[in-house]
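Residue-level listing of the chains:
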Amino acid sequence: MRISVIGCGYLGAVHAAAMAELGHDVVGIDVDPLKVDSLAQGIAPFFEPELPELLARGLDAGNLTFSSSMAEARGATVHFIAVGTPQRADGSSNLSYVDAAVDQLLTVLAAGDVVVGKSTVPVGTVAALAPRIEAAGATLIWNPEFLREGHAVRDTLAPDRLVYGIGAGDNRSADVLDDVYAALLEAGVPRMVTDPATAELVKVAANAFLATKISFINAMADIADAVGADVGQLADAIGQDPRIGRRFLNAGLGFGGGCLPKDIRGFIARADELGVGASFGFLREVDAINLRRRERLVEVTRAALGGDLVGRRIAILGLAFKPGSDDVRDSPALDVATRLRAEGAHVVATDPQAIETSRRLVPELEYRSNVAATVTGADAVLVLTEWPEFVELDPAVLGRIVGRHLGEQIVIDGRNCLDPALWRDGGWRYYALGRISDPAPAGMNVAQLA
Ligand code: NAD
């Protein structure tokens, strides 16, 4: 089948390459000519495991091309919309890129084409856009995307589920999308057909639920700090209950990235518009709890360093919003690094993949290409993204590189990803959110300072 994918960012580039992998004839279209050039040469414009191999296979086979001209979408029968839906200043979703993509698509759309939205949009978007597309004899459906950065290729080729949001009486669009995803359906991927509004809501509801789970356990971390309890053990114990589950119950620096934060804010704004905002007050608190983690980590760092950050050398390990990605959009790690610098600390940071993306956003930070150069002489080492290479660091070896006396080495585990006993045995003072931390020099523990 001939397919176009409009918007080739984290979602669209992977989707285009994955559709080519399924055997379709795919053109990826983006307004950013640099991104198009890079993709056309098989160079992924961002870090995503397995994407380079997938791009190479499609480009070599000749069934994957990229273009900055919408004219190339002419002749495709299915057009996926994968452009960005960022947050506006008031928290609502900015649909101007979706609107522009639809306007441009209308110039090439033929009767019978199926336009399939994948971007995350506020409920009601299909109802608003459909008349323009139907006037061209085409149909609009929504097929929300649930991929996780760092696992995007597998999530696209073997998703947990496929959701088709289709208007009443439109049986053909479901058949067309079944043809697109035939290999996935044969492999047993569950597929649900809903009305468009439900499909739009499924995506934002899933993100709201996941965000709530994270902020719930982070609220528990605050109370654990107040009483000297351990939030990791708490999560392990409640997570044994299958109704609760252990996943997404890791306390720490909280969520970030290009999706969860803006999606819950967009959801709140849309609920307000629809007059049901009162039921979503809890999501405002979910957002607020999440943002407080960042300030809390700064407090913990200040306390661990005896109450003053000015001139202290702080090594930051991890800048990406999560491991497996170079994405620093609304990254908690980059935010903490920026806050510490604003308080007068001498911040030096590294990340396996996210140095360049961070430098573009925060050029004034000092970046180093490796852990050793980052931690040398550090007054405190902060692990802010749980990359495996940081989780597996040997505390004794790292201590020698830091070059401080035993007992003066401070590690702050922003992701509760390190083994406290191992680090203490290696001569480090260990601090974390929601886990018993070593006393700060002033003799106060972190909980008492809160
Ligand atoms: P992104 O910013 O990486 O990519 C968006 C791309 O669209 C950019 O390359 C931009 O140049 C392009 N674009 C904008 N206007 C265009 C137009 N008129 N024609 C062609 N291209 C255009 O964003 P993303 O992370 O890929 O997210 C895209 C959408 O997918 C968002 O709605 C997001 O919420 C949703 N989503 C993202 C993820 C994720 O993990 N990144 C997961 C699920 C859903």
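As a reminder, the structure under discussion sits directly above these lines.
Residues numbered from 1 in each chain as written. Predicted model: local features only at pLDDT ≥ 70, side-chain atom pairs only at ≥ 80, totals over all residues. Heavy atoms only, no water.

## Some remarks on the overall build of the protein
Consideration 1: The helix and strand inventory of the protein stands at 19 helices and 14 strands.
Consideration 2: At 24 Å, the protein has a C-alpha radius of gyration in line with the 22 Å of a compact globule built from 450 residues.
Consideration 3: For the protein, the residues scored as buried account for 54% of the 450 residues in total.
Consideration 4: Long-range contacts, defined here as pairs at least 24 residues apart, represent 72% of the contacts in the protein between residues at least 6 apart.
Consideration 5: For the protein, the computed accessible surface area is about 18400 Å², with 55% contributed by carbon and sulfur atoms.
Consideration 6: The averaged location of the 58 negative side-chain charges in the protein is 4 Å from the averaged location of its 41 positive side-chain charges. (Helix = DSSP H or I, 4+ residues; strand = E, 2+ residues; numbered from the N terminus. Rg over C-alpha atoms; globule rule 2.2 N^0.38 Å. Buried < 20%, exposed > 50% of the residue type's maximum accessible area, 1.4 Å probe, protein only. Contact = heavy atoms within 4.5 Å. Areas by Shrake-Rupley, 256 points an atom, 1.4 Å probe, with all protein chains shown as cover. Lys, Arg positive; Asp, Glu negative; His and termini not counted. Charge placed at Lys NZ, Arg CZ, Asp CG, Glu CD.)

## Points about the packing of helix α9 (residues 196-227) against helix α10 (residues 231-239)
Consideration 1: Relative orientation of the contacting elements α9 and α10 amounts to 135 degrees, with a least axis distance of 9 Å. Taken together, the axis directions place α9 and α10 in an arrangement best described as oblique. Here α9 and α10 pass one another in a crossing that is right-handed. Seen from α9, the contacting residues are Phe216, Ile217, Met220, Ala221 and Ala224; seen from α10, they are Val231, Leu234, Ala235 and Ile238.
Consideration 2: Here the contact of α9 with α10 is built from residues that sort into nine nonpolar, no polar and no charged. (Axes fitted to C-alpha atoms, helices over the stretch in contact; angles between N-to-C directions. Parallel < 35°, antiparallel > 145°, perpendicular 65-115°, else oblique. Left-handed = near helix turned anticlockwise from the far one by under 90°. Nonpolar A, V, L, I, M, F, W, Y, C, P; charged D, E, K, R; others polar.)

## Some words on the packing of aromatic side chains
Consideration 1: The final tally for this structure, using the stated rule, is seven aromatic pairs.
Consideration 2: With centroids separated by 6.4 Å and ring planes inclined at 50 degrees, the aromatic side chains of Phe47 and Trp387 adopt a geometry described as tilted. Here Phe47 is found in the loop between α2 (33-40) and α3 (51-61), whereas its partner Trp387 is found in the loop between β12 (380-383) and α16 (388-391), with 340 residues between them in sequence.
Consideration 3: The exposure class of Phe47 is partly exposed, given its relative accessible area of 25%. (Phe/Tyr/Trp six-rings, centres within 6.5 Å; stacked < 30°, edge-to-face > 60°.)

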